[in-house]
Amino acid sequence: MSQRPIYFDCHSTTPVDQRVVNAMLPYFTEHFGNPSSKSHIYGWEAEAAVKKARETIAAAINATPEEIIFTSGATEANNLAIKGVAEAYFSKGQHIITIATEHNAVIDPCNYLKTLGFEITFLPVQKDGIINLKDLEKAFRDDTILVSVMAANNEIGVLQPLAEIGAMCREWSSKTEHDIIFHSDSAQAIGKIPLDVQGMNIDLMSLTAHKVYGPKGIGALYVRRRNPRVTLASQLHGGGQERGIRSGTLYTPQIVGFGKAVEIALQTQATENTFITQLRESLWERLSQVEGIHLNGHPTQRLPGNLNVSIEGVDGAALLLGLQPVMAVSSGAACSSASSSPSHVLTALGDSEKLAYASVRFGIGRFNTLEEINRVAEHFISTVQSLRKQAVMV
Ligand SMILES: *Cc1c(COP(=O)(O)O)cnc(C)c1O
């Protein structure tokens, strides 16, 4: 078994594109300066590189460069956004609205704020994973300060209607004495679907590099500066970098890599999405032949590379074990084995029967091929068949 399994777990992380690595390398050695050093060329070079990346990332979401705050990733960006707003807008109200299928990097900061006295509304989702806008309408209160809704889900790939939510937040803001800040965790969306903070009325947006063929450990928070100007309480105090919102020496090579990854993604987005959608469709065409298989999440309102399925009558842990030699995928953790609890995302889809099924998430990416899809489909189908045969014999 010398061949490694085919990587199909691109929602977890992606390989770094070689072009990104090449762009980063000089900033570890030759151009190693601190971008905050204003008195010599080492600092200036690093500062210029950071400026370029900042401009690329800002342009990708229709923001201005001053509105990009670099962080260590989307987890930190979410924490800064949610805790930063909670602290800064505390006197306006203590009510936050978010949704049940958020990443833990949103859910956990919200639950933490609950212990400090904030009230959190977790909106349910419909069977297809998308929120019902009427539920949001009903959830708004006079003391609501923040609405946090992800762009694309990391398990089921479902896209939320950001533009509609943004418009509703603006409308409700006009009825209250204060602004309602709209935050979106867009870690899975950047470089894959169009994002426009102006058109969508988004005030805070969390981004990360490593889901889009950039390095791990770097991300950003977009913070709106006009209409309205968002105030955030800093969560990291120190040297005053990033306009005092996020202190710490900027990680130049990672920032350069993030910029390059976004640049490539924007150039290739249209053709790449077509290609990856074709791969996913042909995988689903094959897998849907399996008896008792179900697609989780909206069939089309989803990320191009996402396929999340539940399978009746097989043990989740056994299935994953059987798949492992050929493919690297994730379990939706809706397992019949008692040890693992079902994923909160699948639970939120409200199909309680399905929770007893095995579930698998495929994350297809830039470097996958049709030949790999065929091998994966074949092995998946034969694994399910042999597990079912065993179950019958027992
Ligand atoms: C991966 C991911 C995160 C965490 O991002 P890091 O950069 O790894 O901290 C947050 N939210 C979503 C939706 C993600 O997919």
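Quantities reported herein were computed from a predicted structural model and do not represent experimental measurements. (Residues numbered from 1 in each chain as written. Predicted model: local features only at pLDDT ≥ 70, side-chain atom pairs only at ≥ 80, totals over all residues. Heavy atoms only, no water.)

It is worth spelling out the overall build of the chain at this point. When you go through the chain residue by residue, the secondary structure sums to 10 helices and 13 strands. Computed over its C-alpha atoms, the radius of gyration of the chain comes to 22 Å, within 12% of the 21 Å expected for a compact globule of 394 residues. Along the longest, intermediate and shortest principal axes, the C-alpha atoms of the chain span 75 × 55 × 35 Å. Within the chain, the fraction of its 394 residues that count as buried is 56%. (Helix = DSSP H or I, 4+ residues; strand = E, 2+ residues; numbered from the N terminus. Rg over C-alpha atoms; globule rule 2.2 N^0.38 Å. Buried < 20%, exposed > 50% of the residue type's maximum accessible area, 1.4 Å probe, protein only.)

All right, on to the sheet that holds strand S8 (residues 219–223) then. Spatial ordering of the open sheet is given by S2-S8-S7-S6-S5-S3-S4, a layout of 7 strands whose pairing is mixed. The outermost strands of the open sheet, each flanked by one partner alone, are strand S2 (68–71) and strand S4 (119–123). The mean angle between the axes of side-by-side strands here comes to 20°, regardless of whether they run parallel or antiparallel. Sheet analysis places strand S6 (residues 181–185) next to strand S7 (residues 204–208), joined by 3 bridges and oriented parallel. (Pairing = 2+ DSSP bridges. Axes fitted to C-alpha atoms, helices over the stretch in contact; angles between N-to-C directions.)

So, on to the sheet that holds strand S9 (residues 293–295). A sheet is described by the order of its strands in space; here 4 strands give the open sequence S9-S10-S13-S12, paired in antiparallel fashion. What marks the edges here is a single partner per strand, and that holds for S9 and strand S12 (330–331). With 3 bridges joining them, S9 and strand S10 (residues 306–311) adopt antiparallel strand pairing. Along S10, the bridge assignment pairs Ile293 with Ile311. The sheet contacts of helix H7 (residues 252–287) involve S9, S10 and strand S13 (358–363), and relative to S10 the element is tilted by about 15°. Helix H8 (residues 316–323) contacts S10, S12 and S13 of the sheet and is inclined by roughly 40° relative to S13. (Contact = heavy atoms within 4.5 Å.)

What follows deals with the confidence of the model for the chain. The predicted model of the chain averages 95 in pLDDT, with 97% of residues at 70 or higher. With pLDDT under 50 throughout, residues 334–338 is counted as low confidence; its partners more than four residues away or in other chains account for 18 contacts. (pLDDT = per-residue confidence, 0-100.)

Side chains that carry opposite charge are capable of pairing whenever their charged atoms lie near each other. Inspection of the entire model under this criterion finds 17 salt bridges. Residue Asp9 is joined to Arg361 by a salt bridge in which the shortest nitrogen-to-oxygen separation is 3.0 Å. In this pair, Asp9 sits in the loop between strand S1 (6–7) and helix H1 (18–24) while Arg361 sits in strand S13, placing the two residues 352 residues apart along the sequence. Accessibility expressed as a relative area gives 10% for Asp9, which makes it buried. The partner of Glu371 in a salt bridge is Arg375, and the shortest N-O contact between them spans 3.7 Å. You can see Glu371 and its partner Arg375 sitting in helix H10 (residues 370–393), 4 residues apart, about one turn around the helix. Its relative accessible area of 46% is what places Glu371 among the partly exposed residues. (Salt bridge = Lys/Arg side-chain N within 4 Å of Asp/Glu carboxyl O.)

What follows is about the site of the ligand. The immediate surroundings of the ligand are formed by Gly73, Ala74, Thr75, His103, Met150, Asn154, Asp185, Ala187, Gln188, Thr208, His210 and Lys211. In this structure, an oxygen atom belonging to the ligand sits 2.6 Å away from a side-chain N or O atom of Thr75. Of the residues in the shell around the ligand, the class split is 3 nonpolar, 7 polar and 2 charged. (Near = heavy atom within 4 Å. Polar contact = N/O pair within 3.5 Å; in protein donor to acceptor, adjacent residues only side chain to side chain. Nonpolar A, V, L, I, M, F, W, Y, C, P; charged D, E, K, R; others polar.)

Okay, the domain arrangement of the chain next. Domain annotation for the chain reports domain 1 (6–14 + 269–393) and domain 2 (18–262). Taken together, the contacts link 28 residues of domain 1 with 31 residues of domain 2. Both sides together, the interface formed by domain 1 and domain 2 hides about 2,500 Å², and carbon and sulfur atoms give 52% of it. Connecting domain 1 to domain 2 are 0 salt bridges. If you look at where domain 1 meets domain 2, you find 17 residue pairs in polar contact (both at pLDDT 80 or more). (Domains from an automatic or database assignment. Buried area = accessible area lost by both parts, 1.4 Å probe.)

The next point concerns the environment of Leu113. On the secondary structure map, Leu113 appears in helix H4 (residues 104–115). In this structure Leu113 comes out as buried when scored by relative accessible area, which is 4%. As a C-alpha pair, Leu113 and Ile190 span 77 residues in sequence and 27 Å in three-dimensional space. With near-sequence residues (within four places) excluded, Leu113 lies in contact with Ile82, Ala86, Ile96 and Phe118.

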